[in-house]
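# A look at the structure
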Amino acid sequence: KEELAKRRRTPAFKAAVIAALRAELFAEQIAVLDDPTPRIAMCCSRRAGKSEVAARMLAIALIEAKHNEYVMFAARTLLRARQIIFGLMEKINDDYGLGWRMSAHLGQIVTEDGGCFMLLGVDDANSTEKVRGSKYRLAFLDESATYEALLERLVVACLEPGTIDMKPRGRIVLAGSPG
């Protein structure tokens, strides 16, 4: 187990997993993944593959995350966030033997390098405050139009300051289907 844990921390292992995660995506998803800008808006039809690209973006960010760096996925409610993404993250962890400590109940993942994943339900003003103060490598906000009244506060006041400390700067992705 110790030897496997050492291998998982090597750049070669991480690069191989990232390459495999990228290989499962189609061209438009790769374009989002490779977009160098710190802010991305994805306006897609239903069944366009947003959750699949989200899971891979989140996994790659977690693989690259160092101690106490956060990766976050948000949806209208915590239950919905868990339903959309947590199973996909569990599958990635199992398929690639990443050794992440996963807690579906809490909606948290911790990597061997100390990177942290969290789920967020954006259902009231207090929920936006839960992300304040952490460093964010990636924040993926799914169906962001459903919490439009809270979106500016969440992005500008709570998440954006946490992306500035990252080198390169952390990313915020707003995704959704048009109404």
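Residues numbered from 1 in each chain as written. Predicted model: local features only at pLDDT ≥ 70, side-chain atom pairs only at ≥ 80, totals over all residues. Heavy atoms only, no water.

### Observations concerning helix 4 (residues 50-64)
- Spanning 15 residues, helix 4 covers 21 Å between terminal C-alpha atoms, matching the ideal 21 Å at 1.5 Å per step.
- Of all 15 residues in helix 4, twelve are buried, a share of seventy percent or more.
- Of the positions making up helix 4, those classed as buried are Lys50, Val53, Ala54, Ala55, Arg56, Met57, Leu58, Ala59, Ile60, Ala61, Leu62 and Ile63. (Helix = DSSP H or I, 4+ residues; strand = E, 2+ residues; numbered from the N terminus. Expected span 1.5 Å × (residues − 1). Buried < 20%, exposed > 50% of the residue type's maximum accessible area, 1.4 Å probe, protein only.)

### Concerning the nonpolar core
- Counting residues in each nonpolar core, the largest one holds 39 residues, and the members touching the most others are Phe73, Ile85, Met89 and Phe117.
- Ranked by the residues each element gives to this core, the list is headed by helix 4, at ten residues.
- Core analysis: the second largest hydrophobic core is formed by 19 residues, Cys116, Val131, Tyr136 and Leu151 among them. (Core = buried A, V, L, I, M, F, W, Y, C linked by side-chain atoms within 4.5 Å.)

### Structural notes on the pattern of salt bridges
- Counted by the stated rule, this structure contains 14 salt bridges.
- With a closest N to O distance of 2.7 Å, Arg39 and Glu160 form a salt bridge. Placement of Arg39 in strand 1 (residues 39-43) and of Glu160 in helix 7 (residues 148-164) is noted, with a sequence separation of 121 residues between them.
- Among the ionic pairs, Lys91 bridges to Asp95, the shortest N-O distance being 2.6 Å. Taken together, the residues span about one helical turn, with Lys91 and Asp95 both in helix 5 (residues 78-96) at a distance of four residues.
- A cluster of three or more residues bridged by salt bridges with shared partners is formed by Arg9, Lys14 and Asp113. (Salt bridge = Lys/Arg side-chain N within 4 Å of Asp/Glu carboxyl O.)

### Observations regarding the side chain of Asp142
- If you trace the backbone, Asp142 turns up in the loop between strand 6 (135-141) and helix 7.
- There is no salt bridge for the buried Asp142, and the closest opposite charge comes from Lys50, which lies 5.5 Å off by N-O distance.
- Those residues in contact with Asp142, other than ones at most four positions away along the chain, are Lys50, Phe73, Ala74, Ala75, Ile84, Tyr147 and Ala175. (Lys, Arg positive; Asp, Glu negative; His and termini not counted. Contact = heavy atoms within 4.5 Å.)

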